[in-house]
Amino acid sequence: MKAETYPFVVRPLPYEYDALVPVQDAETLTFHHDRHYKTYVDNLNMALSDYPELQKLSLKELLTTLDHMQEPLRTAVRNNGGGVYNHELYFDSMKSPVGQDPSGQLAAAIDRDFGSYRQWKDQMKQAAVSKFGSGYAWLLTDKEGKLSIVQTSNQDVPDLKDFTPLFLVDVWEHAYYLQYQNRRADYVDGWLTLINWRKAEKRYEER
Ligand code: MN
């Protein structure tokens, strides 16, 4: 995803705080980015502060070597490193709602692996709405370009060695509660219109 290392910094949103109105209001996006995401960055840096050898690793390297870490470091990196990775991709997965659809190789892969864009959308929504508790629904590709939809819990990431995430939808309540309260399905319907397909296509082609 990137080669940045410790100390990790809060990446600015790639659009204005009100760019996603009315689908996501500025208050939601401000709290989500400036408070929730920032806290994961701060806590990850704190967790790594006493481990100079780990400070040389990228986020992806940290998240794919959790098995080599001891507790309580492992849990701290899993939760906070995952929180950083997931939020950076989430914010970078959206754009102003101007009605983009998938195109090119990715559009063809969606038709091949899900039957149609419509059927993909139904399955993606179902995965996001049915995720029990806090977590994410993802669209992933393997090295060969085969697509899959998966759910993860808390701030866990999928297998980043064998799969490349194209995007994810955050279904923690903090992602939608201020604007949608308990109406997660409405939030997900809105999110489906915000997907930055051009960036997803680029990730797909670079898998
Ligand atoms: Mn979040």
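All residue numbers refer to position in the chain's written sequence, counted from 1. Whole-chain, interface and lining totals are the exception, using all residues; otherwise, since this is a predicted model, local features are given only for residues with pLDDT of at least 70 and side-chain atom pairs are given and counted only at 80 or more. Hydrogens and waters are ignored; side-chain quantities use all the structure's heavy atoms.

Draft legend 1. Up close: the pattern of salt bridges. Salt bridges are defined by distance alone: a side-chain nitrogen of Lys or Arg within 4 Å of a carboxyl oxygen of Asp or Glu. Under the counting rule described, the total for this entry stands at twelve salt bridges. Two residues, R78 and D156, come together in a salt bridge whose shortest N-O distance is 2.8 Å. Taken as a pair, R78 in helix 3 (residues 73-92) and D156 in the loop between strand 2 (147-153) and strand 3 (163-170) lie far apart in primary sequence, 78 residues in all. For R78, a relative accessible area of 40% puts it in the partly exposed group. Of the charged contacts in the structure, one is a salt bridge between R203 and D92, with a shortest N-O distance of 3.0 Å. Note that R203 is positioned in helix 8 (residues 197-205) and D92 in helix 3, a separation of 111 residues in sequence. Note on classification: 1.4 Å probe, protein chains only; a residue is buried when its accessible area is under 20% of the maximum for its type, exposed when over 50%, partly exposed between these limits. You can call R203 buried: its relative accessible area is 17%. Counting from the N terminus, the helices are DSSP H or I runs at least four residues long and the strands are E runs at least two residues long.

Draft legend 2. Spotlight on helix 5 (residues 117-130). Here helix 5 is 14 residues long and its end C-alpha atoms lie 20 Å apart, about the 20 Å a rise of 1.5 Å per residue gives. Within helix 5 the residues assigned to the buried category are W120, M124, A127 and A128. With its buried residues spanning 95 degrees around the axis, helix 5 presents them on a single face. Of the residues in helix 5, the exposed ones pointing more than 90 degrees away from the buried face are R118 and Q126. By this rule the span expected of a helix is its residue count minus one, scaled by 1.5 Å. Regarding the arc, it is the one traced by the directions from the helix axis to the C-beta atoms.

Draft legend 3. Spatial organisation of the coordination of the manganese ion. Sodium, potassium and calcium take a 3.2 Å donor cutoff, other metals 2.8 Å, and in both cases only N, O and S atoms count; water is not among them, so sites may look incomplete. For the manganese ion, the full set of protein donor atoms is H32 (NE2), H87 (NE2), D170 (OD) and H174 (NE2), at a range of 2.0 to 2.1 Å. We note that the donor set of the manganese ion lies within a single chain, spaced as H-x54-H-x82-D-x3-H. A residue pair is termed long-range when its members are at least 10 positions apart, and H87 in helix 3 and H174 in the loop between strand 3 and helix 6 (177-180) qualify at 87 residues.

Draft legend 4. Molecular detail of the side chain of H32. Its place among the elements puts H32 in helix 1 (residues 26-48). For H32, a relative accessible area of 0% corresponds to the buried category. We call two residues in contact when some of their heavy atoms are within 4.5 Å. If near-sequence neighbours (up to four positions away) are discounted, H32 is found in contact with Y37, H87, Y90, F91, D170, H174 and A175.

Draft legend 5. View of unusual backbone geometry. Put simply, Y6 and P7 share a cis peptide bond, and its omega is -10 degrees. As for its placement among the helices and strands, P7 is situated in the segment before helix 1. The peptide bond linking E71 to P72 adopts the cis configuration, its omega dihedral lying at 5 degrees. Looking at the element boundaries, P72 is found in the loop between helix 2 (59-63) and helix 3.

Draft legend 6. Representation of the sheet that holds strand 2 in the model. The strand order across the open sheet formed by three strands is 2-1-3, and the pairing between neighbours is antiparallel. Whereas interior strands pair on both sides, the edge strands pair on one side only; in this sheet they are strand 2 and strand 3. When the angles between neighbouring strand axes are averaged without regard to direction, this sheet yields 30 degrees. Criterion used throughout: strands pair if DSSP finds at least two bridges between them. Bridging between strand 1 (residues 135-142) and strand 2 involves seven bridges; their strand directions are antiparallel. Directly across from Y136, in strand 2, lies its bridge partner T152. As a rule, the C-alpha atoms of each element are fitted with a line to give its axis, helices using only the stretch in contact, and angles between N-to-C directions run from 0 to 180 degrees. Here helix 3 sits on the sheet and contacts strand 1 and strand 3; the angle it forms with strand 3, its principal contact strand, is near 80 degrees. With respect to the sheet, helix 4 (residues 104-114) is in contact with strand 1, strand 2 and strand 3, its orientation differing from that of strand 2 by roughly 80 degrees.

Draft legend 7. Molecular detail of helix 4. Looking at helix 4, one finds that the buried residues are L106, A107, A109, I110 and F114. Along helix 4, the residues classed as buried sweep out an arc of 160 degrees about the axis, all on the same side. In helix 4, those exposed residues whose orientation departs by more than 90 degrees from the buried face are G104 and R112. Tucked inside the fold, the buried residues of helix 4 contact helix 5, strand 1, strand 2, strand 3 and helix 8. Remark: G115 follows helix 4 within two positions and exhibits a positive phi of approximately 100 degrees.

So far we have only geometry, and geometry alone does not tell us how the molecule works.
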